[in-house]
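# Understanding the architecture of this molecule
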Amino acid sequence: MSNSTQPSAPTLELSRIAKTFGSVVALTNGTLALHPGSIHALVGENGAGKSTLVKIIAGLYQRDGGDFTLEGTTVDFTSTAQSKSAGTAVIYQEPTLFPDLSVTENIFMGRQPVKSLGQIDRKKMHTEALSLFERLGVRIDPDRPTQGLSIADQQIIEIAKAISLDAKVLVMDEPTAALSGVEVERLFAVARSLRDEGRALLFISHRFEEVFDLCDTVTIMRDGAYISTSAIADTSVDEIVRQMVGRDVASLFPKIDAPIGDEVLVVSGLTEPGEFHDISFSVRAGEIVALAGLVGAGRSEIARAIFGVDPYKSGTVTINGTRIPKRNPAAAMNLGLALVPEDRRRQGLVLESSVAKNATLAIRSTLAKFGFITSSVENASARTWANKLEVKASALDTEVGTLSGGNQQKVVLAKWLATNPSLLIVDEPTRGIDVGTKAEVHRLLSELAVEGLAIIMISSELPEVLGMADRVLVVHEGRITAEIDRADATAESVMFAATHAEVAS
Amino acid sequence: MKMLSKLIKARETGIMIALVLVVVVATARNPTFLFSPDGFRDLLLTPSILLLLAVGQAIVIITRSVDLSVGSVLGLTAYLTGRLFIDLPGIPIIAVFLIGIVFGGLLGLINGALVAFAKVPALVITLGTLYAYRGINVLWTGSDRINGSDLPSAFLSLGTSSLFGIPWLTIIALVVLVAAGWFLRTQRAGRELYAIGSDPEAANLYGLKVTQRVLVAFIFSGALAGLAGVLYAARYGTVSSQAGVNLELQAVGAAVIGGVAIFGGSGTVWGAAIGAFLLLTINRALPILGVQDFWQRAVVGVLIIGAIVLDRVLAVRQSRKLLEMRDES
């Protein structure tokens, strides 16, 4: 069907696409060419810019620069409706359907066949839905509501929608993440038949075995930029991984060597069915342990279970020799645990409140005298930490919501450090933060470790993991699949464990 | 056969059965409840104005919003109706109807625009306009009131007379109901209202015109409240600044009792209409059954809570059934 020389003109072509959000650069050079009758893989680390590129294709975002042509003509989509009617279809990891409406209505919403008086022709719609499913070789009752359908079936409905739209370009953003083996096979069969009909498909996945099984071409992205495109037949997993991570990591984050002390946290046999299994590790004073892995591997869930926010079925967590009770974050805090969550805007900060209020939020009971807190006490405590962390706010009564991402993160850190913890868990500490502030957050973490704090750092960014961690624990699908010492940790070794790519070994 | 099983399973059927039961029991106690010209007329006439509000409310709730201002819109339009007849003697009745509908629609447009563009929840916006519209009404009306003698007799008779034994008010309400039901079921725009209420985020990704549709739903609700205001003036003849106070709560109650899910995406105007009938018919039946005034309000409360609990139970059962279907396949 397809071959490595790609003689046909591309259906969709993106070149040098740029996109920034405020001070955060998401894409500097998004380049991609999709050809008819081809399944094209797009791979890259988390944050490489794949999703941004997809959203530009979908019309959700508008590019700041570069060229975007569809079948030879330049397009400027300002809405999803425009992108759709031009012949693109995007299938997201979590399908977006209307749960209350029937399968048929979901497929045809907004463009139902009509008869006289603009009345929807339900019979025709029903017949077309049936024939679509027959063509895809699946059995789904077109009259049932989509509520309660498996993710796999919901994706099939999205695909049916795309076919009925006669989409020329089909983008699948990590479609297999939530599928079982059989379901993946069915999806691939459908994808191949669509390819054979001459459509152009884009397949985004972290699973290299799937990329090699399904795709004929692969484009690699890194840090918002295009790296290379090659035919699958001409490349290897090693080559792809090398290009995905290949950059200078050592110079970015100078880590200060910290004296390693006694074991602070011991986790053993932590299990919650469906989330994580048999998680055992320990963290020593002064040590930074990174939990690496792909987004959705279960790292945040593990952290939340340790802190007592989420439940777990079996296993124990002890800190300084004391058992931390299940599901009791207040007790965990009293025992010296601190958790800086991933979504600081929602879980870590009261955006409408001042810097001082936020920074003292976790120690309000100790600051209070007879149940009252005076603002002078509050400010004194907050100033100590704000100065130490160099929070750039003109005054302590500045509203936190107006600060930059990096400074918000520092306020969250201040809030937790004020509780004087012996173990700090930071989840994606530098997500959405510009490069300069990133380095500052890293310096901070490093200094805290020197002072004897034990730190667990969850991060999806390889350079951060490699630069900061004394030890790397790689989590893959809810299990720790590798424990790598700082000396042995390389981008390749961590990436292999995270993607579980047996193909290469 | 399929039609029959669908009818039995329909959410509206349960409410209909409850309505019939209420009528049967009340009639058994006092036959004039149904079998007298006045009894039959009141049975149809009383809920007609609420029915219009409930239809508008249902459409707004289906899109996952709510319109709490309809009682105030009704009051303002009712007073406007009276003023039109007083200040413009000889104005055609049909013109008053049109002005009332357009005026209500404009007030709805204000609601819709605030909700759609300011991105503030409809609950807050329409709670605000509930007081704002009522305030304008009080300012305008003062201690004045429209009296029956101010209105043309042809207009007043519209509010009480019948065609083949069916009150005109009821006929108008039913025509609106049928049109709204037809629109929601067979038109693309109607189906999109359900889609928007079912998952607004997905509606956006589908490329549906979410803002525009929500705006139209509010204009529709306002226009129906405007129509209801004109009919209110025709039916009661007297309009003070307090006309229609608290009606919005009855309208929401009717929609909820009729099976319109408060989080949008499901329910029909038919259900809301039957809900309006049930709500007001129970109010009239309870005194006949010797239930004290205090308990009458409690019964309405029980009805609303019961309807929501029933909805939850049905939803849980439905999702469990769907999950089983998935495991079997």
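Below: a short report on this structure. These numbers were taken from a predicted model, which means no experiment stands behind them.

## Looking at the overall build of chain A
Along the backbone of chain A there are 18 helices and 20 strands. Radius of gyration (C-alpha) of chain A: 25 Å, near the 23 Å computed for a compact globule of 505 residues. Viewed in the frame of its principal axes, chain A has a C-alpha envelope of about 75 × 55 × 45 Å. Classification of the 505 residues of chain A by burial places 48% in the buried group. Sequence-distant contacts, at least 24 apart, represent 68% of the contacts inside chain A between residues at least 6 apart.

## Overview of helix H12 (residues 210–236) of chain B
All names here are of chain B. An ideal rise of 1.5 Å per residue puts 39 Å on 27 residues; H12 measures up with 39 Å between its terminal C-alpha atoms. Where burial is concerned, most of H12 is hidden: 22 out of the 27 residues are buried. Of the residues trailing H12, Gly-237 is marked for its positive phi of about 75 degrees.

## Quick look at the environment of Lys-438 of chain A
Take Lys-438 of chain A: it is sitting in helix H16 (residues 435–450). The spatial distance from the C-alpha of Lys-438 of chain A to the C-alpha of Gly-405 of chain A is 10.0 Å, given a sequence separation of 33 residues.

## Section: unusual backbone geometry
Even without glycine at this site, Arg-16 of chain A takes up a positive phi of about 50 degrees. Along the chain, the position of Arg-16 of chain A falls in strand E1 (residues 12–21). Among the residues examined, Arg-16 of chain A registers 15 C-beta atoms within 10 Å and is labelled partly exposed. Despite not being glycine, Asn-246 of chain B shows a phi value in the positive range, around 70 degrees. Within the secondary structure, Asn-246 of chain B sits in the loop between H12 and helix H13 (247–257). Looking at Asn-246 of chain B, the number of C-beta atoms within 10 Å reads 9, which means it is exposed.

## A few points about the interface of chain B and chain A
On the chain A side, the residues contacting the 22 residues of chain B number 23 residues. For the side of chain B that touches chain A, the secondary structure elements donating two or more residues are helix H10 (188–198), helix H11 (200–206) and helix H15 (293–328) of chain B. The dominant element in the side of chain B that touches chain A, judged by the number of residues it contributes, is H10 of chain B, at six residues. Class assignment for the residues of the side of chain B that touches chain A results in eight nonpolar, eight polar and six charged.

## Focus: the packing of helix H4 (residues 122–136) of chain A against helix H5 (residues 151–164) of chain A
Residue and element names in this part refer to chain A. One can describe the packing of H4 onto H5 by two numbers: an axis separation of 10 Å at closest approach and a directional angle of 110 degrees. Overall, the two elements H4 and H5 adopt an arrangement that is roughly perpendicular. Residues Glu-128, Leu-132, Phe-133 and Leu-136 of H4 pack against Ile-156, Ile-159, Ala-160, Ile-163 and Ser-164 of H5. Among the residues making up the contact of H4 with H5, the classes are represented as seven nonpolar, one polar and one charged.

## A word on the environment of Pro-325 of chain A
All names here are of chain A. Relative to the helices and strands, Pro-325 is located in the loop between strand E15 (322–323) and helix H10 (329–334). Sequence-wise, Pro-325 and Gly-308 are 17 residues apart; in three dimensions their C-alpha atoms are separated by 7.4 Å. Beyond its immediate chain neighbours, meaning those up to four positions away, Pro-325 contacts Gly-308 and Ala-331.

## Observations concerning the nonpolar core
Residues and elements named next belong to chain B. Core analysis: the biggest nonpolar cluster contains 239 residues, and Ala-54 and Val-55 have the highest contact counts within it. Ranked by residue count, the leading element in this core is H12, at 16 residues. Among all residues touching Ala-54, those that are not within four sequence positions of it are Ala-251, Ala-254, Ala-255, Ala-272, Ala-273, Gly-275 and Ala-276.

## Remarks on the sheet that holds strand E13 (residues 288–293) of chain A
All names here are of chain A. Spatially, E16-E17-E18-E13-E19-E20 is the arrangement adopted by the six strands of the open sheet, whose pairing is mixed. Only two strands of the sheet have a single neighbouring strand rather than two, namely strand E16 (337–340) and strand E20 (479–485). Each strand axis lies, on average, 20 degrees off the axis of its neighbour in the sheet, ignoring direction. Pairing between strand E17 (residues 423–427) and strand E18 (residues 454–458): five bridges, direction parallel. Bridge pairing in E18 links Leu-424 to Ile-455. Against the sheet, helix H18 (residues 491–499) makes contact with E13, strand E19 (471–476) and E20, and its axis sits at roughly 25 degrees relative to E19, the strand it touches most.

Parameters at a glance
- Residues numbered from 1 in each chain as written.
- Chains lettered and ligands numbered in written order.
- Predicted model: local features only at pLDDT ≥ 70, side-chain atom pairs only at ≥ 80, totals over all residues.
- Helix = DSSP H or I, 4+ residues; strand = E, 2+ residues; numbered from the N terminus.
- Rg over C-alpha atoms; globule rule 2.2 N^0.38 Å.
- Buried ≥ 20, exposed ≤ 12 C-beta atoms within 10 Å, placed from the backbone.
- Contact = placed C-beta atoms within 7 Å.
- Expected span 1.5 Å × (residues − 1).
- Nonpolar A, V, L, I, M, F, W, Y, C, P; charged D, E, K, R; others polar.
- Axes fitted to C-alpha atoms, helices over the stretch in contact; angles between N-to-C directions.
- Parallel < 35°, antiparallel > 145°, perpendicular 65-115°, else oblique.
- Core = buried A, V, L, I, M, F, W, Y, C linked by C-beta atoms within 7 Å.
- Pairing = 2+ DSSP bridges.

By themselves, these observations are geometric and do not establish any function.
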